[in-house]
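Each chain, written out:
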Amino acid sequence: MLYYSEPGHDPRFNLALEETLYRRIRPGDEGIFLLWRNAATVVVGRFQDTAEEVREETVRERGITVVRRITGGGAVYHDLGNVNYSFLLPRTSEGTLDFAPFTQPVLRTLQRLGVGAERTDRNDLAIGGRKFSGNAQHMDGRRLLHHGTLLFDSDLSVLSQVLRVREEKYRPKGFASVASRVTNIRPHLGPDAGMEDFLTVLRGEVDREYGLAPLPVSDNLREAVTALAAERYASRAWTWGDGRERDIRKERRFEGAGRVEARMNLVGGTMRDIVFFGDFFGAEDLAPVACALDGLPPDRASVARALAPIEIGRFFYRIGKEEFIDFLCS
């Protein structure tokens, strides 16, 4: 497996680098392991409504960058006390989202450092019930991207200042605030342990499992990354969306899958301009689902016929077709 640690802290460049490398992977290629850090940044999930997740005035005043990633899940805060890791791998089949194999090196790293940690919920890692890592994936039939955050020594007080976190995210778990639900890794280590010590052990775990060799970074690659960073990740349209209001909102939290919100206009008794938001995961762009429903009356028979050929679980991970139809037609 090839390895690269991006020395720069520009979130737009770093996300563009990750995506560019992912798009270039072909069957039979070596996988790639990345470690990278961002300057103060809010990263929103692919399917989220940024305006409802981020306090725009606060991030603007504090000079915090806001970007959207290509994976699902919820919004996260990055600073230089947070480490991001990525696995980019070729695939031979469509498959389903599976976080466990890629979080194991992190759990083993903490074990070696004397810290007990576990995977919780659908995509989080926790120490003593408090989250220190969130993970997300994107895939197609040829390749897979898994990436995650590792709160090592981040300024956790900023979380509640820049993110609009719904109480359902932390109240049912017995926490009074989002800040109390998360923890850094460093306080659980010895007094002299630093980030480089942690990263050295983590790299060693990945090397033992996959074998690491340096990734060559060409001028051509950097030019492609710079272009994508400007075209996509610096684009307000990509990060904040079109801002158009819809007449109808339907929202539901699906157990083990996350929150899904459907917004649409009802024109002449039919559904139009359908968009989906939420912190759910999915392996596909949602346009085929929205197109299949466009122009239909919101009744169960019509919706069921339209969705019959569509594998809903690929678009909305862990959500069954019947419960998705119930949600739309309720």
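Novice: When you look at the packing of helix H11 (residues 300-307) against helix H13 (residues 321-329) in this model, what are you seeing that I'm missing?
Specialist: As a packed pair, H11 and H13 sit with axes 10 Å apart at the nearest point and diverge in direction by 135°. On the basis of their axis angle, the class for H11 and H13 is oblique. Note that H11 runs across H13; the crossing there is right-handed. On H13, the residues touching Arg300, Val303, Ala304 and Leu307 of H11 are Lys321, Glu322, Phe324, Ile325, Asp326, Leu328 and Cys329. Tallied by class, the residues present in the contact of H11 with H13 amount to 7 nonpolar, no polar and 4 charged.

Novice: Would you mind going over the pattern of salt bridges with me for this structure?
Specialist: Once the charged atoms of two side chains with opposite charge are near each other, the side chains can pair. Within this structure, the stated rule accounts for 29 salt bridges. The partner of Asp49 in a salt bridge is Arg263, with the nearest N and O atoms 2.8 Å apart. Highlighted residues: Asp49 in the loop between strand E3 (41-44) and helix H2 (50-53) and Arg263 in strand E13 (residues 258-267), separated in sequence by 214 residues. In terms of burial, Asp49 and Arg263 fall into one category: buried. Across the pair Glu205 and Arg208 runs a salt bridge whose closest N-O atoms are separated by 3.1 Å. Highlighted residues: Glu205 and Arg208, both in helix H7 (residues 195-210), separated by 3 residues, approximately one helical turn. Note on Glu205: relative accessible area 3%, which makes it buried. In this structure, a network of salt bridges that share partners links the residues Asp49, Glu52, Glu53, Arg249, Glu251, Arg259, Glu261 and Arg263.

Novice: Would you mind going over the packing of aromatic side chains with me for this structure?
Specialist: One pair of aromatic rings is described through two measures. These are the centre distance and the angle between the planes. By the definition in use, this model includes 15 aromatic pairs. Arranged with centres 4.9 Å apart and planes meeting at 40°, the rings of Phe280 and Phe316 form a pair that is tilted. Of this pair, Phe280 sits in the loop between strand E14 (270-278) and helix H10 (287-293) while Phe316 sits in the loop between helix H12 (312-315) and H13, placing them 36 residues apart in sequence. With respect to burial, Phe280 and Phe316 carry one shared label: buried.

Novice: For this particular structure, what's the right way to read the environment of Ile325?
Specialist: With respect to the helices, strands and loops of the structure, Ile325 is situated in helix H13. C-alpha of Ile325 to C-alpha of Ala301: the two residues are 24 residues apart in sequence and 9.4 Å apart in space. Beyond its immediate stretch of four places on either side in the chain, Ile325 contacts Arg300, Val303, Ala304 and Leu307.

Novice: Which parts of the structure should I look at to understand the nonpolar core?
Specialist: Nonpolar side chains tend to gather and get buried jointly when the protein is soluble and globular. By size, the foremost hydrophobic cluster in this structure holds 34 residues, and its most contacted members are Phe33, Leu35, Phe132, Leu150, Ile185 and Phe198. Going through the elements one at a time, strand E2 (32-36), strand E6 (82-90), helix H4 (100-112), strand E8 (124-127), strand E9 (130-139), strand E10 (143-151) and H7 are the ones with two or more residues in this core. Sort the elements by how many residues they give to this core and H7 lands first, with 5 residues. In this structure, Leu150 is in contact with Gly81, Asn82, Val83, Tyr85, Val106, Phe132, Ser133, Ile185, Phe198 and Leu202, ignoring residues within four places of it in sequence. By size, the runner-up hydrophobic cluster in this structure holds 27 residues, among which are Met264, Ile274, Leu296 and Val303.

Novice: What exactly am I supposed to notice about the sheet that holds strand E5 (residues 76-78) here?
Specialist: What holds strands together in a sheet is hydrogen bonding between their backbones, with the strands either parallel or antiparallel. With mixed pairing, 3 strands are arranged side by side in an open sheet as E4-E3-E5. Where the open sheet ends on each side, the last strands, each with one partner, are strand E4 (65-68) and E5. Strand-to-strand, the axes of this sheet are offset by a mean angle of 25°, without reference to chain direction. Here E3 pairs with E4 via 4 bridges, running parallel. By the bridge assignment for E4, Val43 is matched with Val67. Against the sheet, helix H1 (residues 11-24) contacts E3 and E4, and its axis sits at roughly 20° relative to E4.

What counts and how
- Residues numbered from 1 in each chain as written.
- Predicted model: local features only at pLDDT ≥ 70, side-chain atom pairs only at ≥ 80, totals over all residues.
- Heavy atoms only, no water.
- Axes fitted to C-alpha atoms, helices over the stretch in contact; angles between N-to-C directions.
- Helix = DSSP H or I, 4+ residues; strand = E, 2+ residues; numbered from the N terminus.
- Parallel < 35°, antiparallel > 145°, perpendicular 65-115°, else oblique.
- Left-handed = near helix turned anticlockwise from the far one by under 90°.
- Contact = heavy atoms within 4.5 Å.
- Nonpolar A, V, L, I, M, F, W, Y, C, P; charged D, E, K, R; others polar.
- Salt bridge = Lys/Arg side-chain N within 4 Å of Asp/Glu carboxyl O.
- Buried < 20%, exposed > 50% of the residue type's maximum accessible area, 1.4 Å probe, protein only.
- Phe/Tyr/Trp six-rings, centres within 6.5 Å; stacked < 30°, edge-to-face > 60°.
- Core = buried A, V, L, I, M, F, W, Y, C linked by side-chain atoms within 4.5 Å.
- Pairing = 2+ DSSP bridges.

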